[in-house]
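# Working through the structure, step by step
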Amino acid sequence: IVTGATPVGGQPVSVAFGPDSRKAYLARRAAGAQGGVSLVNTATDGVVIATSFDTGSPESLVASPDGKRVYVAVAGTGIVALDAALIQPLFTIPRGLGGGVIDNPQGLALTPDARQLLVSDNRPGGSVHVIDIASRSVAATVSFGGDEIPLGIAIHPDGQPAYVAGADATLS
C-alpha cells in the first residue's frame, strides 16, 4: 500500500493497473466540472498525463490485458475507450446499448481475452450487459430482479465465473 499522497485533482473514484504494473490509471470526478482520467507512473507516483471528459462523470475503469486500452464507465455518456499510452479517446460505446439505456454505467470487467466487456447499469432490478468489443454491441444481458442494484464486477482469471457486487448487500 502506498502511504504517501499524490495530488491528482478532483475526487478519485477508481484505479486500475496496466499489465506491467508500471502504470496506474485513475478515474476522477471534479466538483462543479467534469471528471477525467489520470495516468500515474508507479515508480515515481507522479501524474504523467491527465485528461478530462466533456460530458459525464467517470464511475470506474479497467485496463486491457495487452496494455493498449483503458475502458471508462462515464455516467450520461456510456463507455469511453482510451488509448492507454496517450489517455486520448479512441471511441465511445454509447449509453443506449441494445435498445435500453445504461445512463449510469458503474462496474466494468474485461474477459481475459479482452473480447468482451461486462458493464453493470447501477439501477434497481438492473442488469449486467456483455459488450462485444469488436462490434461495440450487446452480446448478452443478465437481468437482476427486485431491488438488486448491480455495481462492481470481477471476472475470474480463467474467464469463469464473473461476480457482481450488489448495493443490496449481495454477491451474485
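Here we summarise the structure given alongside this text. (Residues numbered from 1 in each chain as written. Predicted model: local features only at pLDDT ≥ 70, side-chain atom pairs only at ≥ 80, totals over all residues. Heavy atoms only, no water.)

## A few points about the pairing of strand 12 (residues 137-143)
Stated formally: At least two DSSP bridges between two strands are required for those strands to pair. Secondary structure elements follow DSSP: runs of H or I no shorter than four residues count as helices, runs of E no shorter than two count as strands, and numbering proceeds from the N terminus.
Judged from the six bridges that link them, strand 11 (residues 127-132) and strand 12 form a sheet pairing that is antiparallel. Across the sheet, the residue bridging to Ile131 is Val138, located in strand 12. Hairpin connection, strand 11 to strand 12: the antiparallel pair is bridged by four residues, and Arg136 has positive phi, about 55 degrees.

## Considerations on the sheet that holds strand 9 (residues 108-110)
The condition that has to hold: Inter-axis angles, ranging from 0 to 180 degrees, are taken between N-to-C directions of lines fitted to C-alpha atoms, where helices are fitted over the stretch in contact.
Here four strands make up an open sheet; going across it, the order is 9-10-11-12 and the pairing antiparallel. With partners counted over all chains shown, the strands left at the sheet margins are strand 9 and strand 12, one partner each. Each strand of the sheet is rotated relative to its neighbour by a mean of 20 degrees, with strand direction disregarded.

## Points about the sheet that holds strand 5 (residues 58-63)
One open sheet accounts for four strands, arranged 5-6-7-8; its pairing is antiparallel. Two strands close off the open sheet at either side, each with one partner strand: strand 5 and strand 8 (88-94). Taken over all neighbouring pairs, the strand axes of this sheet differ in orientation by 25 degrees on average, direction set aside. Pairing of strand 6 (residues 69-74) with strand 7 (residues 78-83), which is carried by six bridges, proceeds in the antiparallel orientation. From the neighbouring strand, Val74 faces strand 7, where its bridge partner is Gly78.

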